[in-house]
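Topology and contacts: notes
Listed here are the chains, written in short residue letters.
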Amino acid sequence: MVRNIFKGLGIALVTPFLENGKVDFPAIKKLLEYQVSNGADFICILATTGETPTLSQEEKHEIKNFVVDAINGQLPILMGCGGNNTAAVVEELKNSDFQGIDGILSVCPYYNKPSQEGLYQHFKTIASATQLPIVLYNVRGRTGVNMQAETTVRLANDCTNIVAIKEASGDLEQVDEIIKNKPDGFDVLSGDDALTFPMVACGAVGAISVIGNALPKEISRMLHLEMDGKFETARKIHHRFTDLFSLLFVDGNPAGVKAMLHHMGFINNVLRLPLVPTRLTTSQKISDILKDLKI
């Protein structure tokens, strides 16, 4: 099995936009410098939090190259590559430029709701189309289908380059079942900031975090303390941010974290339709909490 290098704090990177709607590359560089210098262990680009469905192919290519150049080998880079047309994903894997990319994050097929056998065959086919490590992404709230623990473990056993899963099902019993039955070398990552603490307590090895965009130092410290067995200190950090965890998602992702980053002076509070900024009441609550936390 290929070794999983995606452990600790992964940043689910936002895509900042200028007021005119174009990609704000200087803001991406500023964010990356902040995250790299404050404890991020790897960067995840062109996934849900990056508003990837609203980006053109040219923009995605430009962002990928920009991030690779900016990171310059300092941290591993995981890049989103998935869809609900298996043949199209295979075509992308075979023909796209993955230079500088260390692994692929591939979401469960959405909308057409395949069976568990369909999910298995989809990811097995994708795995055979690339030598890059693959991190599965199970997020039934977005895809309409849950990949069951048995299917995840089957893929982990049968495909040597499927190295981890980003679990965002919200089902801790399912997470525990995966960790209990998975083969050595296959890892579980939290895909839900609110559940990162209990998931790591169950045996997850890190998170692909939304709030990490804004609070890399704090979330990284929590993760590494917990993974070192210092649960009480880590729990205090977790509880410090529980109000923010819910606020960041009440108006959808990445609206919440973009409002937070805007209040912190990193980006414009601009999203692409059909996504819109948080309500003013939500934004004000986020601002008030940041002031209370002195962030």
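As a starting point, this report considers the structure included with it. Model, not experiment: these values are computed from the prediction.

1. Remarks on the overall build of the chain
Within the chain one finds 13 helices and 8 strands. For 295 residues, the compact-globule formula gives about 19 Å, and the C-alpha radius of gyration of the chain, at 18 Å, lands near that figure. Dimensions of the chain, computed from the C-alpha atoms along their principal axes, are close to 50 × 45 × 35 Å. Considering only intrachain contacts with a sequence separation of at least 6, the fraction spanning at least 24 residues in the chain is 73%. With an accessible surface of roughly 12,800 Å², the chain has 49% of that area assigned to carbon and sulfur atoms.

2. Brief notes about the pairing of strand S1 (residues 8–12)
Taking burial as the measure, the 5 residues of S1 include 5 buried ones, the bulk of the element. Where S1 lies against strand S8 (residues 206–209), 4 bridges are found, and the strand directions are parallel. Of the residues in S8, the one forming a bridge with Gly-10 is Ile-208. For S1 and strand S2 (residues 42–45), the ladder comprises 3 bridges, and the chain directions are parallel. Bridge pairing in S2 links Ile-11 to Ile-43. In this fold, the crossover linking S1 to S2 by way of helix H1 (residues 25–36) has right-handed handedness.

3. With respect to helix H11 (residues 242–250)
Three or more residues of H11 are buried, namely Leu-244, Phe-245, Leu-247 and Leu-248. On the buried face of H11, the contacting elements are helix H10 (231–240), helix H12 (255–263) and helix H13 (280–293). In the stretch just after H11, Gly-252 is the one whose phi turns positive, near 95°.

4. Here we look at the side chain of Ser-169
Along the chain, Ser-169 falls in the loop between strand S6 (162–167) and helix H7 (172–181). Looking at Ser-169, its side chain comes within polar contact range of the side chain of Gln-174, at 3.5 Å. Ignoring any residue separated from it by four or fewer positions in sequence, one finds Ser-169 in contact with Asn-138, Arg-140, Asn-146 and Gln-174.

5. Re the pattern of salt bridges
Evaluated as defined, the whole model comprises 7 salt bridges. A salt bridge links Glu-51 to Lys-258; its shortest N-O distance comes to 2.6 Å. Of the two residues, Glu-51 is situated in the loop between S2 and helix H2 (57–71) and Lys-258 in helix H12; the sequence distance between them amounts to 207 residues. In this pair, the class of Glu-51 matches that of Lys-258, namely buried. A salt bridge links Glu-117 to Arg-154; the nearest nitrogen and oxygen atoms lie 2.9 Å apart. One end of the pair, Glu-117, is in helix H4 (residues 116–128); the other, Arg-154, is in helix H6 (residues 149–158), and 37 residues separate them in sequence. For Glu-117, a relative accessible area of 38% corresponds to the partly exposed category.

Cut-offs and rules
- Residues numbered from 1 in each chain as written.
- Predicted model: local features only at pLDDT ≥ 70, side-chain atom pairs only at ≥ 80, totals over all residues.
- Heavy atoms only, no water.
- Helix = DSSP H or I, 4+ residues; strand = E, 2+ residues; numbered from the N terminus.
- Rg over C-alpha atoms; globule rule 2.2 N^0.38 Å.
- Contact = heavy atoms within 4.5 Å.
- Areas by Shrake-Rupley, 256 points an atom, 1.4 Å probe, with all protein chains shown as cover.
- Buried < 20%, exposed > 50% of the residue type's maximum accessible area, 1.4 Å probe, protein only.
- Pairing = 2+ DSSP bridges.
- Right-handed = clockwise from strand over helix to strand, strands pointing away.
- Polar contact = N/O pair within 3.5 Å; in protein donor to acceptor, adjacent residues only side chain to side chain.
- Salt bridge = Lys/Arg side-chain N within 4 Å of Asp/Glu carboxyl O.

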